[in-house]
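Structural overview
Residues per chain are reported as follows:
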Amino acid sequence: MRVPGSKGTSSPAPSEEGARRPSFGEGTTPSASTPTRLSTPTKKVRSMFTKVKTPPQLPRGSSGVGEGKPPTPGRGDAQQRLAAEAQQTAGNGGGGNDNERPAHSGDTLESYVLPPSLRGGAGMEVIKVSKNGKQQARRLGIAPNHRAIYITTHKTVGGMLGSGGQTKEVDLSRVVRMQLGQQSRRFVKAREKADTSNAPQSLSIIYRRSYSAKDKLVKTMKKGQVKLDSAEDSLDLVVPSRDDFEALTRTLEDLLAFYEEEEPWANPDYAWIQYHLADMGKSLGDKLTVSCADWVTLCKRWNAPVSKAEATSMYKSFCESLAISSASTDGLEMFEVVRLLEVLRQKGLTSSALGGCPRKKLFLKIAQSKSGDSRAISAADFLEFVRDRQGETDMAIKDVKELFYQLNGHRVSPQLNDALTVLSADYRDGTQREGETVSWEKEYITFDAFAKYLLLESNDAFDPVRASPQSNLNEPLNNYWINTSHDTYLRRTKASSADQKQAGKTDLQSYTLALYRGARAIELDVWDGPGGPVVRFGVSSFSKGTATKSSTSTSSLPFKDVLLTISYFLQSEPESLPVILLIENHCSLPFQKKMTSQLEAILGKQELLYRPDPSAKETDALPSPAQLRGKVVIKSKLPERILGESVALNDDFDDENRDSTPPLFTDYDSEDDVKENVVGFTSTGSIKSATPQKLTGEQLYHTAKAESNDAYSAWDVLRNELEDVTHQAQQSDNHAAAMLRDIGMTFEELKKQREEGHHDMVEEGTEVELCVDGASKVKETADQAMEVAKAFAESVEESRLLALAATTEARSETEVFDVAREDLTDKEAVLAEANEELREVSKGNTDLEEAAERALSEARTNREYAENAERRVAAVRGLVDRSHNQAVSSETVAGTADAEAKISEQRATDAEARYEKARASADQEKKNAEKEEAELDDYDTQLIAAKRELGEVKGKVDAARERADDAVNKADKLTDEIREARSMGMDDEMSVAESTDVRNKKSKERKAYLGKMEEALTDKLGLESNTRKLESKIDDLQRKANLQAKIAASARRQADHSMSVADQLEEHALEEREAADLRQAARDKAKQGVESSDAVLTSTEAQLEEAEKAVVEANAMALASRQKAEQLAKEVEAVQDIASLEEAVRIAREHRDAAYAFYESARESKEEALKAAAKAKQVHETNVINLGQLERDAMAELLHKESAQQAELMALTACENASALNDRVEGLQKKCDEAKALAKEKSGALEIATRYREKRRRLQPLYPALANLTLLHSANQRNWDKSFDLPQYALHSVPNAKLVKSAEEGMEEWKRWVDFNKTHFSRTYPGSAARNYNPIIPWALGSQFASMNFIRNKFMLLNDGRFRENGGQGYVLKPEYLTNTDGKDVVGGSAMNCTNPKQLIIKVLSGVCLPKSPDKKASSSINPFVRVTLYDASPASLLPSPSFKTQVVEGNGLNPVWPANEAATFNCLNPSVGMLLFAVYDHCDITKADLFVGASAIPISCLREGYRCVPLFDSNNARSGAMKYATLFVKVQVE
């Protein structure tokens, strides 16, 4: 069930300029993971907004700013101005269409109508599952403001939820998702304690922990282990009532939907601040304030570029500007903190050497480009910007105006009104239509709105249209990339961790986390388990023809638990695209049957299991993801009919394929032979027979091995003989050559001389005499030399025969030794198997005996417990009787005390009523007196004011009189001057003209003064009239004041009298109340006695009931344990007798000992024979050397005696002997070559027989019902011809290293992979569970399943970015070049899609709200830098990926800025598959380590150009918590 924030959805980051218009976010708890979206109804602006929504009311628990609460008194003018601004702007966002709101029971979150079971203080009954799996009865409800979940911390019978420390509160803003079913670790532990899988009303509420809770978690985490949900916790519930369960799930869905609707109106600065405050453990109530210490902590958490002292000074200075004391105040209110945050941001920008905010610079550039005014951007200018800079050419002016209407919150801010005063002149030039009304909020935006737009999801560099769910889900399954998890069952560890003890550990929660992260293909390695099929890590072994004999893992998951987890997920996400189970089946036939039954029971009954159509043909198109929505698809093995049996060939398990090396020959494939009746092998293939005779793979292997051994033995004999003869021939050649050198002739010359019959040539055996000159004869000498040579030659031949016999004997002894060694190996294997079987049976018998003893002990204990319980029942019954008698006595005393208390209470009540009546009358009289006195004060005030006004009017009359007198005096003076001028003109003292001019001038002045006189007289008359009226008014007020004084005095006397009477009645009432209290205390004491007696009685009755219940339970337990003990005792009696096994072990040990003795004897005989052969060979070689030396000596003696003819005869004999030996060598060489060829033939046959045996061992029986549920069939890759002949549902699994090596072979191999994946499936996987690989190459080759380890890794970030497309549904349609099957030949660049390369220019301008790395110390700030890397899906991707690194910004994660003149330039050859990775790291100068902060991977096909934001995700692909607000601001150019 998807709720806001379950996956990475971008959210607007807080503005660097602060919040001008605080809205919903002021008083709400910031959502830790809820996505933020604004909306607009037009289709063209849908990339920016999706729907107009009615703005919500502020929550009841808000800070008061948005509710119009007046500011705190005494805070000065500046604070009042801030509060007034916040109050005015808090309600922005009216309007909208109410009909577009979902049908909730209420218009706002607060007006939502809760179901009866969640209303009030009692809540509904639930069962909470604790961390250790214990089930606890609790009460659950919804907070009055509908913003939190209340659950009691212990079993509560009565009382109110939310009171005191007995209730735990989970704020809805921290909820990540709601999971139906039992998917959490706590439910798994609960199932281990008791079967809870039959409780359908189960759910888990996953929420983020607070800061303090996370601190505790970090301290308890194991070193080297990475918890994917380390910042999350869960509230795991079982709701007994079906109606309550439906009401709870429906209510939570509605409330979380309201949160999603409200958040677009939330001010991001408010939300960001409140998130950190809540994470610090502060309560977000009406009095939410931020102290100086809080502000310093916030600055550290925000990674602000200020020290502790600077943060403190900034806080105090800001308080002084508001005329408040930082020491005396409780802290700043939220709207003040937002303004202080703006000051902090400005300091960060000022401290940067790069100047101001890049977004501000862009705003000024656009605003001043046309109008020259820097206060606002018009709709026309914005439209030009969007079209020219952002590349959104389909945007129209109407769309812009509706966008402005949203950004301005449906009303005009004061700042915008100021700008409109100047900018509205364009609408006064006569172009406005008659009757048209200009909506200013649709015509202009200020910087705040523009900055907010730049960081919205609508301006994401990842195209929001591509990131939303698409409709292209109707193509066959093999046309999609599918998000795949590798070894999903394993608990994940850090790839770089030195402690790998957790490797191989299984964790059921890993399946839940993978599914909610977007994986839709998950892996299950299924093996035989002690109680049924299990999922675990293992190593395949087929040594005895079965896949179940393998090295076992100590950790495993029941197969049914994995299926339950998947079913629960699909219940929560019924619209999920299909979940594919990649099953590696190692199970025997009985366990396959159990697998099938569990699949049917858990998934089949809920209609979650996809059943392939048995009538479908291999050429039929596969179903589409849309057709399989909400289903589970199985990938396993499909059977083949081989030798009359239905079996599957298990030759493609991951562990074997990962480590195997390809064969040296490819012209034979044993997979074809396993389907035939093979009776033998040659070096090129098998020998088949149509006879019914069937030989096993083991028989054929041993036959081929024996033939190969015989052939090699024969070859070895001939090779040794050839070696000896060759050595003899070499020695003979050397001897003959030496003798020829002595006589100075060659063998050819010597033969030619003998053939010509030279006259002086002496025949062999002829006696030769010397000349008669007296020289001696040499007959005697020659005869002696020849006799010696002949005698020694016989000795040499004898030694040769002895050496040959010794060598033959040594070879025979070696063969005997080899046989003895093999026999010893076999006997040791038999002994090991016998020992293993004996050990297993003995262990089983021992375990059974120990279990029987434990059961017997438990039965005795339970029997004793039952007897003790029965004795306790008898004792408690006696207590009940005594408690009943004491309760009756206490009730009598209590009755008397109660009657007296009631009488006294009545008297006290009457007295109090009389007092209350008198007090009310006195209060009324007092109010009347105060009213009359107030009227008197009013008359006095009016009288004083009238007298003051009369004095002022009289002063004005006097002033008017003075003005009139002054004007008269001046007019009279001017009249005298006029007369004087006339007289001077008549006396000729001046000319007539001059006299006339003077008189005219003076007349005008006199006329002006007369006018002033008249004006002054008029004012005087009016003021005198007012004076008379005021005097009359004063007289009237004086009269009324005198009369009111009398009335007020009378009222005061009456009030005093009434108050005196009331005081007397009060004293009487107090006396009566004191008496009543005394009697009440007596009654209470008596009642306590009754209650104590009743409590004792109730307690003893409850104890009796509990004791009786315990007796029943104890008897039941005793009976069950006794039956269990008896059953185990019977099983112990029937245990398997190990005598026969011990006898088998004894016999096997005797056979082994005998074989060992024979082995030792054969080894000694072999060594002695080898020594004798070596000695004989050495003697023979010595004799040969000596013989040659003797012959040479004889030759020398003959030559010395001048018997050349005899020497020639000896040389000829030596040459003939050497020639004969060489002829013999040639004959032996030919025989040896034939034997070698035969040995190689038999060796080739043995190799094929070996492969055939291994294939036959991998033929495993397959349960037909399981095969009927399988859609995808895994098959080993042999060669491309056979791969292309496979049906389209076939799948090849290959290690990524093998795929990369194949891709490196060139374009032809690349093309084969692309073509195969168009019509079939392939899956790649990493080399281990602790590493990942670059998935770009498999995707570029069309591979549907790129299995990834879901660990922190840059390649996992690429996987997250790839499947962010299409709404994170786990399925993405491959590009057309990877799916096109129209028959066109894919050659050249088309196979690699390198025909349309693109150049990317990326500028990283700034960052917003960058958090600390999880590995960072909380006390230090970060030094961020950004690395941008291109992963191209072309042959270039086989090389290191190009990257660009920005400068390191020291100590500022709040708003770092990078140089705008530095850019990364990349050339992408395959933009349809290539990806861009933005990764933020924290650099440490001390350790030189770069810590990961956040990242975002964007497919090039989804990248938008222009000024864009890049929302960052954490290593778990989550945009929640502090990471929710982390964003990069970049400029993208695509050419």
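Scroll up to find the structure.
My aim in this report is to walk through the structure given alongside it, one point at a time. Computed from a predicted model, the values in this text were never measured in an experiment.

1. Here we look at helix 31 (residues 1354-1362)
Judged by how many residues are buried, helix 31 sits mostly within the fold: eight of nine residues are covered. Where helix 31 starts, the residue carrying a side-chain oxygen 2.7 Å from the main-chain nitrogen of Phe 1355 turns out to be Asn 1353.

2. Observations concerning the packing of aromatic side chains
Taken as a whole, this structure holds 29 aromatic pairs when the rule is applied. When the centroid spacing of 4.7 Å and the interplanar angle of 20° are considered together, the rings of Trp 272 and Trp 302 count as stacked. Of this pair, Trp 272 sits in helix 5 (residues 268-279) while Trp 302 sits in the loop between helix 6 (292-301) and helix 7 (308-321), and the two are 30 residues apart along the sequence. Across this residue pair, the class does not change: Trp 272 and Trp 302 are buried. Centroid distance Trp 1280 to Trp 1313: 4.9 Å. Interplanar angle 90°. Geometry classified as edge-to-face. Taken together, the residues span a long stretch of sequence, with Trp 1280 in helix 27 (residues 1280-1285) and Trp 1313 in helix 29 (residues 1307-1319) at a distance of 33 residues. Across the pair, exposure class does not vary: Trp 1280 and Trp 1313 are buried alike. Cluster of aromatic residues (ring-pair linked, three or more members): Phe 363, Phe 382, Phe 385, Phe 404, Phe 447, Phe 450, Tyr 453, Tyr 1507 and Phe 1529. Against the face of Trp 527 rests Arg 536, its NZ or CZ located 4.2 Å from the ring centre. Positioned above the aromatic ring of Tyr 1481, the side-chain terminus of Arg 1427 is 5.2 Å from the ring centre.

3. As for a negative patch on the surface
Together, Glu 935, Asp 937, Asp 938 and Asp 940 line one region of the surface with negative charge. In this structure, Glu 935 sits in helix 22 (residues 779-986). You can call Glu 935 partly exposed: its relative accessible area is 30%.

4. Points about the side chain of Thr 512
Of note, Thr 512 is situated in helix 15 (residues 509-516). Residues contacting Thr 512, with those up to four places away along its chain left out, are Arg 177, Gln 179, Gln 183 and Thr 565.

5. Examining the pairing of strand 15 (residues 632-636)
A regular strand places its side chains on the two faces of the sheet in alternate fashion. Counted residue by residue, strand 15 has five buried out of five residues, so it is predominantly covered. Of the two faces of strand 15, the one carrying Val 632, Ile 634 and Ser 636 and the one carrying Val 633 and Lys 635 are both buried. Of the pairings in the sheet, the one linking strand 14 (residues 579-585) to strand 15 comprises four bridges and is parallel in character. By the bridge assignment for strand 15, Val 579 is matched with Val 632. The handedness of the strand 14 to strand 15 crossover, carried by helix 17 (residues 589-604), is right-handed. Bridge count between strand 15 and strand 21 (residues 1270-1274): three bridges; the pairing is parallel. Within strand 21, the residue paired with Ser 636 across the bridge is His 1273.

6. With respect to the nonpolar core
If you look at the biggest cluster of nonpolar residues, it comprises 75 residues, and the most contacted ones within it are Tyr 511, Ile 522, Leu 524, Val 535, Leu 581 and Leu 599. At eight residues, the largest contribution of residues to this core is made by helix 16 (residues 559-572). If we ignore the near neighbours within four places in the chain, the residues touching Ile 522 are Ser 485, Thr 488, Tyr 511, Leu 515, Ile 566, Val 579, Ile 580, Leu 581 and Leu 582. Counting 40 residues, the second-largest nonpolar core is a separate cluster that includes Val 290, Cys 292, Tyr 315 and Ala 1522.

Conventions we followed
- Residues numbered from 1 in each chain as written.
- Predicted model: local features only at pLDDT ≥ 70, side-chain atom pairs only at ≥ 80, totals over all residues.
- Heavy atoms only, no water.
- Buried < 20%, exposed > 50% of the residue type's maximum accessible area, 1.4 Å probe, protein only.
- Helix = DSSP H or I, 4+ residues; strand = E, 2+ residues; numbered from the N terminus.
- Polar contact = N/O pair within 3.5 Å; in protein donor to acceptor, adjacent residues only side chain to side chain.
- Phe/Tyr/Trp six-rings, centres within 6.5 Å; stacked < 30°, edge-to-face > 60°.
- Lys NZ or Arg CZ within 6 Å of the ring centre and 35° of its normal.
- Patch = residues over 30% accessible without salt bridge, like charges linked within 9 Å, V, L, I, M, F, W, Y side chains within 5 Å.
- Areas by Shrake-Rupley, 256 points an atom, 1.4 Å probe, with all protein chains shown as cover.
- Salt bridge = Lys/Arg side-chain N within 4 Å of Asp/Glu carboxyl O.
- Lys, Arg positive; Asp, Glu negative; His and termini not counted.
- Charge placed at Lys NZ, Arg CZ, Asp CG, Glu CD.
- Contact = heavy atoms within 4.5 Å.
- Pairing = 2+ DSSP bridges.
- Right-handed = clockwise from strand over helix to strand, strands pointing away.
- Core = buried A, V, L, I, M, F, W, Y, C linked by side-chain atoms within 4.5 Å.

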